[in-house]
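Read off the chains here:
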Amino acid sequence: MENKKKVGRPVKYVYLDKYERTTKQLEERIDALHESLLKQQTKTQKIQLAIVAILCVSFLVSMIF
């Protein structure tokens, strides 16, 4: 019997591919989370601006009357 070499990619490349896939998945999740947080922050800022506007209007109305 002859010793036949295994046909395929070396182990280090298999692990490198797995690492790259995992890294890519993590980057995609981080990007999605970042986008979600930015949307939430924008929504919160709009609510804060609305509250400030209401307070300013109510203050001006109380000064007039």
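Residues numbered from 1 in each chain as written. Predicted model: local features only at pLDDT ≥ 70, side-chain atom pairs only at ≥ 80, totals over all residues. Heavy atoms only, no water.

A short note on the overall build of the chain
When you go through the chain residue by residue, the secondary structure sums to one helix and zero strands. The buried share of the chain, taken over its 65 residues, is 0%. Surface accessibility of the chain: about 7,000 Å² in total, with carbon and sulfur atoms responsible for 64%. (Helix = DSSP H or I, 4+ residues; strand = E, 2+ residues; numbered from the N terminus. Buried < 20%, exposed > 50% of the residue type's maximum accessible area, 1.4 Å probe, protein only. Areas by Shrake-Rupley, 256 points an atom, 1.4 Å probe, with all protein chains shown as cover.)

Digging into the pattern of salt bridges
What the rule picks out here adds up to one salt bridge. Between Lys-39 and Glu-35 there is a salt bridge, and its shortest N-O distance comes to 3.7 Å. Of this pair, Lys-39 and Glu-35 are both found in helix H1 (residues 11–64), four residues apart, which corresponds to roughly one turn of the helix. You can call Lys-39 exposed: its relative accessible area is 57%. (Salt bridge = Lys/Arg side-chain N within 4 Å of Asp/Glu carboxyl O.)

Description of a nonpolar patch on the surface
The grouping of Val-57, Phe-59, Leu-60, Val-61, Met-63, Ile-64 and Phe-65 at the surface amounts to a nonpolar patch, some 830 Å² of accessible area in total. Locating Ile-64 in the fold gives a position in helix H1. (Patch = residues over 30% accessible without salt bridge, like charges linked within 9 Å, V, L, I, M, F, W, Y side chains within 5 Å.)

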